[in-house]
Every structure is written in C-alpha cells, then in structure tokens.
Amino acid sequence: MSQIVREKMEYDVVIVGAGPAGLSAAIRLKQLDPNRSVVVLEKGSEVGAHILSGAVLDPSGLDALLPEWRSMDAPIKVPVKEDNFYMLGPAGQIRIPNFPMPPLMNNHGNYIVSMGNVCRWMAGVAEGLGVEIFPGMSCSELVYDGDRVAGVVAGEFGRDPATGEPGPNYEPGMELLGKYVFLSEGVRGSLAKEVIAKYELSKGHCSQKFGIGMKEIWEIDPAKHREGTVTHTMGWPLGSNAGGGSFIYHLENNQVYVGFVVHLNYENPHLYPYMEFQRFKHHPMVAELLKGGKRVAYGARAISEGGYQSMPKMVAPGVALLGCSVGMVNVPRIKGNHNAMLSGKAAAEAAHEAINAGRSGDELSSYETEVRTGAIGKDLKKVRNVKPMWSKYGLVASLIGGGLDMWTNTLGFSLFGTLRHGKTDAAATGEAKNFKPIDYPKPDGKLSFDRLTNVAFSFTNHDEAQPAHLKLKDPSIPISVNLPKYAEPAQRYCPAGVYEVVAEEGKDPRFVINFQNCVHCKTCDIKDPSQNITWTTPQGAGGPNYPNM
Ligand SMILES: Cc1cc2nc3c(=O)[nH]c(=O)nc-3n(C[C@H](O)[C@H](O)[C@H](O)COP(=O)(O)OP(=O)(O)OC[C@H]3O[C@@H](n4cnc5c(N)ncnc54)[C@H](O)[C@@H]3O)c2cc1C
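First things first, this report covers the structure right here in the doc. (Residues numbered from 1 in each chain as written. Predicted model: local features only at pLDDT ≥ 70, side-chain atom pairs only at ≥ 80, totals over all residues. Heavy atoms only, no water.)

## Digging into the sheet that holds strand 3 (residues 54–57)
Pairing is antiparallel across the open sheet formed by three strands, whose spatial order is 3-7-4. Unpaired on one side and paired on the other, strand 3 and strand 4 (78–79) mark the two borders of the sheet. Two elements, strand 4 and strand 7 (residues 111–114), share two bridges in a ladder whose sense is antiparallel. What sits directly across from Pro79, in strand 7, is Tyr111. (Pairing = 2+ DSSP bridges. Helix = DSSP H or I, 4+ residues; strand = E, 2+ residues; numbered from the N terminus.)

## Here we look at the nonpolar core
When a protein is soluble and globular, its nonpolar side chains tend to lie buried together. Of all hydrophobic cores here, the largest spans 81 residues; its most connected members are Val152, Phe182, Leu183 and Tyr367. Ranked by residues supplied to this core, first place goes to helix 7 (residues 337–356) with ten residues. Beyond its immediate sequence surroundings of up to four residues, Leu183 is in contact with Val16, Leu142, Leu191, Ala192, Val195, Val319, Ala320, Leu321, Leu322 and Ser325. Among the nonpolar cores identified, the runner-up in size contains 71 residues, and Cys494, Val501, Phe511 and Val519 belong to it. (Core = buried A, V, L, I, M, F, W, Y, C linked by side-chain atoms within 4.5 Å. Buried < 20%, exposed > 50% of the residue type's maximum accessible area, 1.4 Å probe, protein only. Contact = heavy atoms within 4.5 Å.)

## What to know about the pattern of salt bridges
Scanning the entire structure with this criterion turns up 29 salt bridges. In this structure, the salt-bridge partner of Asp362 is Arg359, at a minimum N-O distance of 2.6 Å. The exposure class of Asp362 is partly exposed, given its relative accessible area of 24%. The class for Arg359 is partly exposed, based on a relative accessible area of 32%. Arg510 is the partner of Glu504 in a salt bridge, and the nearest nitrogen-oxygen pair spans 3.6 Å. Through salt bridges with shared partners, a single ionic network connects Arg6, Glu141, Glu156 and Arg159. (Salt bridge = Lys/Arg side-chain N within 4 Å of Asp/Glu carboxyl O.)

## Concerning the packing of helix 1 (residues 20–32) against helix 3 (residues 115–128)
Where helix 1 contacts helix 3, the axes come no closer than 10 Å and their chain directions differ by 20°. One way to sum up the angle between helix 1 and helix 3 is to call them roughly parallel. Every pair of crossing elements has a handedness; the one defined by helix 1 and helix 3 is left-handed. In this structure, helix 1 uses Pro20, Leu23, Ser24 and Ile27 to contact helix 3, whose residues at the interface are Met115, Cys119, Met122, Ala123, Val125 and Ala126. (Axes fitted to C-alpha atoms, helices over the stretch in contact; angles between N-to-C directions. Parallel < 35°, antiparallel > 145°, perpendicular 65-115°, else oblique. Left-handed = near helix turned anticlockwise from the far one by under 90°.)

## Here we look at the layout of surface pockets
A probe as big as a water molecule, rolled over the atoms, marks out the empty space that is left. Looking at the largest pocket, its volume works out to about 830 Å³. Elements with a contribution of two residues or more to the lining of the largest pocket: strand 5 (82–88), strand 15 (229–235), strand 16 (244–250), strand 17 (255–263), strand 18 (294–304), helix 10 (386–393) and helix 11 (395–410). Of the residues forming the lining of the largest pocket, the biggest block, nine residues, is contributed by helix 11. Considering only residue class, the lining of the largest pocket consists of 25 nonpolar, 15 polar and four charged. Its volume calculated, the second largest pocket comes out at about 540 Å³. (1 Å grid on protein atoms, 1.4 Å probe; cavity = no way out; pocket = protein on both sides within 12 Å on 5 of 7 lines; lining within 4 Å. Points joined across faces, edges and corners; volume = space filled by probe spheres on them. Nonpolar A, V, L, I, M, F, W, Y, C, P; charged D, E, K, R; others polar.)

Shape descriptors only; they carry no functional weight alone.
Right under this line is the structure:
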C-alpha cells in the first residue's frame with residue numbers, strides 16, 4: 001500500500017455518506033458559511049440508491065435544518081392520517097387502542113415518505129448551496145496524519161479479483177483531506193467501525209444492538225389503499241423465537257411499504273429472518289390487503305437498536321461520527337431519520353465554530369455534548385429501557401413495563417434507572433444442537449417469494465471483476481466451526497442469499513460467497529457468531545439501486 005501514490009484534494013469538511021445525516025451536515029455548513037469547502041462522497045450509483053427507509057418521517061429534524069421546507073416542493077406530501085397497532089396471532093389480530101400509548105408514540109404530525117427521494121431532494125438543496133457531491137465513490141480507507149484522521153481514500157478500483165493486488169486497469173482513487181472528516185455511513189459503517197475500534201470509543205458504553213429490516217414496495221388494489229395509514233404489528237410469526245415486528249405504510253399512488261424487522265439478538269441459529277418476513281405476508285389481515293397487488297421492489301438494511309446507552313463516544317481527533325454510525329434510532333418509534341438530521345446539523349455547527357477559531361483535526365467535543373444533552377439525547381433517553389426489557393423479559397413484559405417506563409419518562413423520571421443491554425448480537429447466537437430447526441412454508445410466488453427472485457427487485461449490481469468485498473478473517477471458520485456449531489447461520493440471516501454452503505456428493509462442503517447479491521445491509525458483519533466476516537466497500541458504484549424505497 002505504501003508505494004501507491006494518490007492525487008489529493010483538500011476541503012474544510014469531508015463527509016462520507018449522502019444519507020440524511022451527511023446531507024444535513026453539508027447543508028448546515030454552507031448555510032453558516034457559503035465559502036466553506038464541503039464534499040460529500042456516496043457509494044451508491046446516485047444519491048438515494050442505497051437508502052432503505054420506507055419511512056414515517058418525524059419532521060423535527062427538517063424543521064430545525066430547513067424551517068421553510070414546506071414551501072420548497074419537498075417530496076414529503078403524505079401526512080399520517082391513521083395510526084394502528086395490532087398484536088397478531090396465527091389466524092387473527094387484536095387491535096391495541098391508541099389511548100394507553102405514551103404520547104411520543106403518536107404519529108400524527110409525521111409524514112410517510114420515501115427517504116431515498118427525500119435524500120435526492122436534500123442533495124439538490126446542498127448542491128444549490130455549493131456542496132460538491134460525488135456518487136459512485138466508495139470510501140474504502142481512512143487517511144491518518146499522526147494520531148488524527150485527516151481524510152479518506154475514495155474511488156479506488158481495478159484490484160485483481162484473485163489476488164486483491166492492483167491489476168492492469170488499477171486506479172488508485174484519490175485522497176480527500178479535510179480539517180474535519182464526518183462519517184455518516186449509517187448503521188455499522190465500515191470506516192466508523194475502524195474508528196470506534198482504534199480510538200476505543202465504545203469503552204464504558206453498552207455494545208450496539210441491531211435488527212435486520214426487510215422491505216417490499218407493493219402496488220395494491222386502489223379499493224384497499226388508504227393513503228396516510230400507518231400500521232405496526234407484533235407477535236406472529238416470530239412469537240418467542242425473536243423480537244421484532246412489521247410495518248405497513250400507505251404512501252401515494254396506491255403504493256404500500258410492507259416491512260419486517262427481526263432483532264438480531266435471536267438465539268436459535270435456525271431462524272431465517274427473510275422467511276419470517278415472507279410468512280408474515282400470509283397472515284389473513286396482510287394477505288387480504290396484498291391480494292391482487294404486485295411487489296415492485298425489495299430491499300434490506302440493518303437498523304441500530306441500542307439507543308441511548310449504546311451510543312459510543314462520537315468524536316476522535318479530526319473525525320466525528322454522525323447519525324446511525326453512532327446509532328440514533330428511537331426503537332419503539334422505529335425512527336432515526338430526524339435524529340440523523342439533527343446530528344448532521346449539530347456536527348456542522350461544531351465544525352463551523354472550530355474552523356472559525358482556527359482549529360483543525362481536534363475533537364469536536366461540543367458536537368458530542370449537543371447530541372447527548374440536546375433534542376437527540378432527550379428523544380432517546382425516554383425510551384432507553386424498552387429494548388433491554390424486550391430482550392430480557394419478552395414481548396408482553398416489555399409492552400407493559402416499557403409502556404409504563406415511557407409514560408414516567410415523559411413525566412421526567414424512570415422507576416428502572418437505565419437498564420443495560422446484554423451480549424452482542426453475535427454472541428447471543430446459540431448452538432444449533434440446542435434448538436429445533438424451523439420448518440418454513442415454501443413461497444407461493446404471489447404473496448411470498450424466494451430470496452433470489454426478490455433480490456432481483458433490489459436492482460443490485462456489482463462489477464464481477466473485483467475481489468469479494470466480504471472478507472473472511474479465517475476462510476476455514478465457516479466450515480470448520482460455524483457449520484458444526486451453528487449450522488452456518490449466514491445461509492439464513494443474509495437477506496440476499498450471499499452465503500451458501502455447497503455440499504456435492506463425495507466432496508467436502510464448501511462455503512461460497514456470492515458477493516454480487518450483496519444489498520449492503522451489513523447483517524453478516526454484525527451477526528456472524530465467530531465475528532469472522534468483515535464488510536468492506538466494493539469497488540465502484542456496486543450495491544442496490546433502490547427506486548423510491
Ligand atoms: C427497515 C427500516 C425501516 C426504518 N424506518 C424508519 C422510519 O419509518 N422512520 C425513521 O425516521 N427511520 C427509520 N429507519 C431508520 C433510518 O433509516 C436511519 O435512522 C437513517 O437512515 C440514518 O441515517 P444516516 O444518514 O445516519 O444513514 P443512512 O441513511 O444509512 O445513509 C448512509 C449513506 O452512506 C453511504 N455510505 C455508507 N458507507 C459509505 C462509504 N464507506 N463510502 C461512501 N458512502 C458510504 C450509504 O450508501 C448511504 O447512502 C428505518 C431503518 C430501517 C432499516
């Protein structure tokens with residue numbers, strides 16, 4: 001690596017990732033000083049291509065960043081009109097009335113949006129202010145200057161698929177250097193992971209917790225479509241096998257987001273999150289809604305669930321972690337976009353103040369103080385005990401105890417203090433011999449689909465002439481350890497069918513990585529019980545091409 005020479009470009013602030021956090025930071029930096037030089041690097045083929053959050057947007061982040069957004073023709077047009085919450089059994093459902101819910105759970109005042117489209121729109125606003133945005137630029141490495149983060153390497157390609165060494169068409173990419181580097185890579189960012197480990201940012205905090213979220217967009221019978229309706233469910237089909245639940249959001253044009261989240265601290269390694277999602281759509285209430293409709297897109301992405309007590313230290317010399325690279329999702333509300341925006345704004349304000357004072361490359365500690373004590377910290381603190389209760393005591397206890405705790409927190413106190421999270425999601429995985437395999441019904445091709453057919457609806461594409469971007473620390477582990485001990489769960493937890501154990505007669509089983517299918521959800525990096533898989537950025541603009549997820 002040391003002999004590779006790269007062109008360098010210098011900016012005031014280098015931002016990795018054009019999600020709501022990174023774009024908010026870029027916009028705020030330019031609002032504060034139009035002469036500030038700001039670059040945003042995005043690995044998707046275009047802004048929004050990798051954004052999966054068929055979302056109910058709490059507009060508080062946007063209100064703070066762009067108070068005039070309502071007159072700016074933003075793609076935020078569908079206010080929530082109806083909010084339903086159901087507990088499902090195999091053949092029926094019970095509606096939980098809204099009145100016992102703490103006020104923070106209320107969705108009125110929120111909007112059903114495609115966050116991909118919101119990010120495309122925010123990118124236009126940022127460019128209008130003079131921000132440089134480069135899509136198709138994976139940031140593969142950090143650049144250090146002594147102990148500080150000084151920049152990133154982006155746009156490298158042409159490594160040999162077999163050796164990983166520079167091939168005949170090798171392009172080294174560029175070094176983009178900044179007074180400050182913002183990592184807004186979203187959940188389980190690959191560079192953020194390096195920074196968290198190098199500077200021991202998790203010390204003294206709970207380990208981060210995650211879920212895997214899968215989503216389809218359906219076009220349904222107009223007679224069944226109720227624009228502005230939000231439905232959440234819990235219970236069947238997961239039961240006591242895992243935490244999680246579903247969301248169904250009716251957006252515009254007879255489209256519905258149908259999504260399912262499985263908490264990744266499940267123990268039974270036979271659990272198959274993707275098939276749980278497919279099975280869920282056969283519940284009579286859901287099947288009735290979707291019957292006669294068609295699925296037009298599919299995607300998946302991990303979601304951070306650790307909340308308040310899992311937020312690591314978020315600054316180190318020259319670098320700040322933003323949004324879900326820290327983990328700012330309010331789990332019971334399933335909302336993180338507003339906090340991602342607020343964090344981008346706060347990081348920009350801290351960098352602006354620092355640069356004006358002639359500083360560079362130090363820790364933006366005022367950013368961290370604002371996150372922990374300002375609107376983000378207050379939002380997350382109120383709900384901090386819901387997830388640990390759910391993990392320890394199950395769904396019903398967490399609904400009652402977590403509901404009570406959210407109520408008392410709304411009044412300013414908690415009976416429980418701050419509960420800690422348990423083991424990492426990887427360590428929570430139990431041995432296969434202690435659990436029963438789960439028999440999943442075969443997809444019917446109408447309501448439910450096999451995984452590879454669905455992956456085609458994520459429009460995922462990777463140049464095959466590159467080394468696999470999913471790296472095994474020890475290539476022998478999947479077959480020698482994970483297969484006998486955990487029935488190699490990568491075959492099931494990956495929502496894109498990247499990992500296979502191929503057993504041919506007379507031959508030893510082989511572990512195959514179909515990296516071309518990868519939708520960049522990062523579940524493998526999180527859930528592999530041996531922590532042997534490292535997700536790195538692929539070359540070029542590989543990955544999903546989500547239309548309006
Ligand atoms: C299934 C699901 C449903 C959700 N529903 C909601 C909801 O209804 N409401 C809500 O408010 N929140 C919701 N969330 C949470 C929300 O998606 C996140 O809180 C939010 O996306 C965080 O924003 P971010 O900017 O931090 O990261 P992201 O939105 O993930 O954006 C990160 C960007 O960085 C890019 N990137 C990453 N690494 C690199 C790299 N090394 N180089 C270049 N580019 C890189 C990515 O391609 C991506 O475009 C949901 C999440 C999931 C998974």
